[in-house]
Amino acid sequence: MIETYPFVLPGIPFDLNRLAPNLNPRSVRNHYYNIYGNYFKRLNEMISANENLYCLKDKTIKEILTVPWEIPTEHRTDVMHLAGGIYNHYVYFKCIGRTGDALPTAKVRCWLNEHFGSVENFKNTFLQAAKKVNGSGWVWLVKTHDGRAAIALSRNHETPLTHGVMPILCCDVWEHAYFCNFNTEREKYIRSFFGVVNWKAVEANLMG
Ligand SMILES: [Fe+2]
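Here the structure is a predicted model, which is why all the values come from computation and not from measurement. (Residues numbered from 1 in each chain as written. Predicted model: local features only at pLDDT ≥ 70, side-chain atom pairs only at ≥ 80, totals over all residues.)

Asker: What is the right way to look at the overall build of the protein in this model?
Answerer: Within the protein, the regular secondary structure consists of eight helices and three strands. In terms of overall size, the protein behaves like a compact globule, its C-alpha atoms giving a radius of gyration of 17 Å where 208 residues would be expected to give roughly 17 Å. Judged by the C-alpha coordinates and their principal axes, the protein covers about 50 × 40 × 30 Å. Burial analysis of the protein (208 residues in total) assigns 34% to the buried set. Contacts in the protein between residues far apart in sequence, at least 24 positions, make up 67% of those at least 6 positions apart. (Helix = DSSP H or I, 4+ residues; strand = E, 2+ residues; numbered from the N terminus. Rg over C-alpha atoms; globule rule 2.2 N^0.38 Å. Buried ≥ 20, exposed ≤ 12 C-beta atoms within 10 Å, placed from the backbone. Contact = placed C-beta atoms within 7 Å.)

Rendered as structure tokens:
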């Protein structure tokens, strides 16, 4: 994933037109460049302006998020927010832009069946969890230490990576991700999101 400082926003990893009609390509483009991109800008500016953050220059975003105690305390909350904003959006955008079948790949399907009983049960559990995020946050499918599938929620830009589990798929439930096209209908957005999941990328996360 994103290398070390200065952190550079990668190009959109899919054809925006493949999102329609589920998600609006223009809104997703705006989300990608203006909102996701802004976290890169702000984190680079913050590191560049504070000598005591130069220790982060040789760390990847993932390394910053997994060893938060190495971030000087006075900047820790801000750095974790910005680095989490980058990482969480990275996983989100990696996992959309459907490339083929709307169904999970055989490996993902098998894993979901094992832990949720069926893909439909998984989707429903994920959806119900997403509805419970108060304010801004994320809903996640994660792999635990012992290989189980679980659903996790995170507030603002907190990330399950910090808690030692492996993120497999996530959905951005900040209002900026859906308000323009779905107004306050978060459920409708989540259902549309499932229509554009790139299950091959989800499988790559699961195998990684
Ligand atoms: Fe977002």
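Still more to cover.
Asker: Would you take a moment to explain the nonpolar core for this structure?
Answerer: For soluble globular proteins, nonpolar side chains are generally found buried alongside one another. Judged by nonpolar contacts, the single largest core of 53 residues is most densely connected at Ala83, Ile86, Cys171 and Val202. Take this core: its biggest share by element is nine residues, from helix α3 (residues 73-94). (Core = buried A, V, L, I, M, F, W, Y, C linked by C-beta atoms within 7 Å.)

Asker: Quick question: what am I supposed to make of unusual backbone geometry here?
Answerer: A cis geometry characterises the amide bond from Tyr5 onward to Pro6, with omega recorded as -5°. Mapped onto the elements of the fold, Pro6 is located in the segment before α1 (25-49). In this structure, the amide linkage connecting Ala20 to the following residue, Pro21, adopts the cis form with an omega of 0°. With a phi angle near 50°, Asn156 is a residue other than glycine that sits in the positive phi range. Turning to its location among the elements, Asn156 is positioned in the loop between β2 (149-155) and β3 (166-172). We note that Asn183 has phi near 55°; this positive angle belongs to a residue other than glycine.

Asker: I'm lost on the domain arrangement of the protein in this one. Help?
Answerer: It is common to give the size of an interface as the accessible area lost on bringing the parts into contact. If you check the domain split of the protein, you get domain 1 (24-94) and domain 2 (106-207). Averaged C-alpha coordinates put domain 1 and domain 2 at centres separated by 21 Å. For the side of domain 1 that touches domain 2, a count of residues per class yields six nonpolar, nine polar and two charged. (Domains from an automatic or database assignment. Nonpolar A, V, L, I, M, F, W, Y, C, P; charged D, E, K, R; others polar.)

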